[in-house]
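Listed below are the residues making up each chain.
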Amino acid sequence: MDSRIQDLTARAMEDNIANATLIKLHQIGTVTETITATRLAQFHGWDAFVSHRSGETPDDFIADLTVALDTGHLKSGAPARGERVANHDQLLRIKEELGATASFAGKHAFRRLVRF
């Protein structure tokens, strides 16, 4: 992972100025670095939102990565284009395969939601 990003993330954690990070595999570098960044955020109690890349191919790997990293959050937008539909469809296939062991976080995915 780029050392500037590591420094910024470390500072944000130390100064308690954020509570989540957007994980973009194509910007971080390798899958290993993506896993490391996600685990670091989770270790510090942050939420991690996995994001697909705009104009991506209809490869559904990002949906698998989101589930494997147990983030509970996939930023892919409305299923209006091929790559978005592929990700949504893959999440449905994963849910079907997991059956009763699958869980949907629902409103609990937003555990830090502040009510005004």
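Remember, predicted model here, so these are calculated numbers, not experimental data.

For helix H4 (residues 61-68), the set of buried residues is Ile-62, Ala-63, Leu-65 and Thr-66. All buried residues of H4 project into a common sector of 160° when viewed along the axis, lining one side. The positive-phi residue at the C-terminal boundary of H4 is Asp-70, with phi of around 55°.

Attention shifts here to the pairing of strand E2 (residues 47-51). E2 sits mainly inside the fold: 4 of its 5 residues count as buried. Bridge count between strand E1 (residues 20-24) and E2: 5 bridges; the pairing is parallel. Bridging from a neighbouring strand, Leu-22 pairs with Phe-49 of E2. The pairing of E2 with strand E3 (residues 74-75) spans 2 bridges and is parallel. Bridge pairing in E3 links Val-50 to Leu-74.

The next subject is unusual backbone geometry. At Asn-16, a position not held by glycine, the phi torsion is positive, near 55°. Note that Asn-16 resides in the loop between helix H1 (3-15) and E1. Residue class for Asn-16 comes out exposed when judged on its relative accessible area of 62%. With a phi close to 55°, Asp-70 is a non-glycine residue in the positive phi region. Relative to the elements of secondary structure, Asp-70 occurs in the loop between H4 and E3.

A few words now on the pattern of salt bridges. Two side chains that carry opposite charge are able to pair once their charged atoms sit near each other. Inspection of the entire model under this criterion finds 2 salt bridges. Here Asp-15 and Arg-11 are joined by a salt bridge, their closest N and O atoms 3.4 Å apart. With Asp-15 and Arg-11 both in helix H1, this residue pair falls 4 residues apart, about one helical turn. Classification of Asp-15 by relative accessible area gives partly exposed; the value is 42%. Ionic pairing is found between Asp-60 and Arg-93, a salt bridge with its closest N-O pair at 3.0 Å. Of the two residues, Asp-60 sits in the loop between E2 and H4 while Arg-93 sits in helix H5 (residues 82-98), which places them 33 residues apart along the sequence.

Each α-helix winds once per 3.6 residues, and so residues spaced three or four apart point in a common direction. Taking 1.5 Å per residue, 17 residues should reach 24 Å; H5 reaches 24 Å between its end C-alpha atoms and fits that length. Of the residues making up H5, those classed as buried are Glu-83, Arg-84, Ala-86, Asn-87, Gln-90 and Ile-94. Taken down its axis, H5 places every buried residue within 160° of arc, on the same side. Set apart from the buried face of H5 by more than 90 degrees, the exposed residues are Leu-92, Lys-95 and Glu-96. Those residues of H5 hidden inside the fold are in contact with H4 and E3. Just downstream of H5, Gly-99 is the residue with a positive phi angle, here 60°.

Here we take up the side chain of Thr-71. Considering the arrangement of structural elements, one finds Thr-71 in the loop between H4 and E3. Thr-71 sits in the buried class, given a relative accessible area of 8%. At 3.2 Å, the side chain of Thr-71 and the backbone oxygen of His-73 are in polar contact. For Thr-71, the residues in contact, after removing those within four places along its chain, are Thr-38, Gln-42, Ala-48, Val-50 and Thr-66.

Cut-offs and rules
- Residues numbered from 1 in each chain as written.
- Predicted model: local features only at pLDDT ≥ 70, side-chain atom pairs only at ≥ 80, totals over all residues.
- Heavy atoms only, no water.
- Buried < 20%, exposed > 50% of the residue type's maximum accessible area, 1.4 Å probe, protein only.
- Helix = DSSP H or I, 4+ residues; strand = E, 2+ residues; numbered from the N terminus.
- Arc of directions from axis to C-beta.
- Pairing = 2+ DSSP bridges.
- Salt bridge = Lys/Arg side-chain N within 4 Å of Asp/Glu carboxyl O.
- Expected span 1.5 Å × (residues − 1).
- Contact = heavy atoms within 4.5 Å.
- Polar contact = N/O pair within 3.5 Å; in protein donor to acceptor, adjacent residues only side chain to side chain.

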